[in-house]
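Given next are the chains, with one letter for each unit.
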Amino acid sequence: PTHTIQTLYQMYIDNLDQKLLNKEISKTTRRFGFENTKNFIEYYVDVYGNKNIDYVSTTELERYKQHRIGLGLSVNTIRINLRGVRGLFNWIVDEGYLTDNPFKLKIPTYIPRDREKIPTPTDFKKIRRFITNSIFDEKKIKSGLHRIGGWWDNNDWFRYMVFFGLKTGMRGGE
């Protein structure tokens, strides 16, 4: 029997839920699979209808990719979205609902963000001096000796954020 794209999507999500219960995947993997395929299914059904899986084409999948690009999303976001959709179609083929996978799209290459660049030794020295002179020594703070020049001097709140980040294990992007 043939199935519609929405029916197979729901079966895929049910499969992810079962794998989560069996501890075969993490909550993050389940969420990733759900969110990225949900975006795709909503788009696809809105534009093409709830078609039989046999009639889903590579051209339509390419149009979805172009749609995401047209929204102004970053290359990395589109990359994540397409990896989720590829997972759905790989599952559909693995389960035998299709013999030929229509997902033949080139997934964009990851582009590191500027903030992911490796800090220089000078950056580490500045941060260490700032932390040493402002977070841990109240006498220096009150006397103004924690001032190290430039932007750092006008942002006392920042020392508390650095302290909080260090003590809680906060990641850089948070």
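I will try to describe carefully the structure that is included in this document. Please read these numbers as outputs of a predicted model, since none were measured by experiment.

Under the defined criterion, the tally for this structure stands at five salt bridges. Salt-bridge contacts for Arg30 lead to Asp17; the nearest nitrogen and oxygen are separated by 2.5 Å. Residue Arg30 is found in helix 2 (residues 27-48), and its partner Asp17 is found in helix 1 (residues 5-21); the two are separated by 13 residues along the sequence. The class for Asp17 is partly exposed, based on a relative accessible area of 27%. In this structure, Glu42 engages Lys38 in a salt bridge whose closest nitrogen and oxygen atoms are separated by 2.9 Å. One end of the pair is Glu42 and the other is Lys38, both in helix 2 and four residues apart, which spans about a single turn.

It is worth spelling out the packing of aromatic side chains at this point. Enumeration over the complete set of coordinates arrives at eight aromatic pairs. On the numbers, 5.9 Å between centres and 75 degrees between planes, the contact of Phe40 with Phe89 is edge-to-face. Here Phe40 is found in helix 2, whereas its partner Phe89 is found in helix 4 (residues 75-94), with 49 residues between them in sequence. For Phe40, a relative accessible area of 0% puts it in the buried group. Classification of Phe89 as buried rests on a relative accessible area of 0%. What links up through ring pairs into an aromatic cluster is the set Phe40, Tyr43, Tyr44, Tyr48, Tyr64 and Phe89.

The rules behind each value
Residues numbered from 1 in each chain as written. Predicted model: local features only at pLDDT ≥ 70, side-chain atom pairs only at ≥ 80, totals over all residues. Heavy atoms only, no water. Salt bridge = Lys/Arg side-chain N within 4 Å of Asp/Glu carboxyl O. Helix = DSSP H or I, 4+ residues; strand = E, 2+ residues; numbered from the N terminus. Buried < 20%, exposed > 50% of the residue type's maximum accessible area, 1.4 Å probe, protein only. Phe/Tyr/Trp six-rings, centres within 6.5 Å; stacked < 30°, edge-to-face > 60°.

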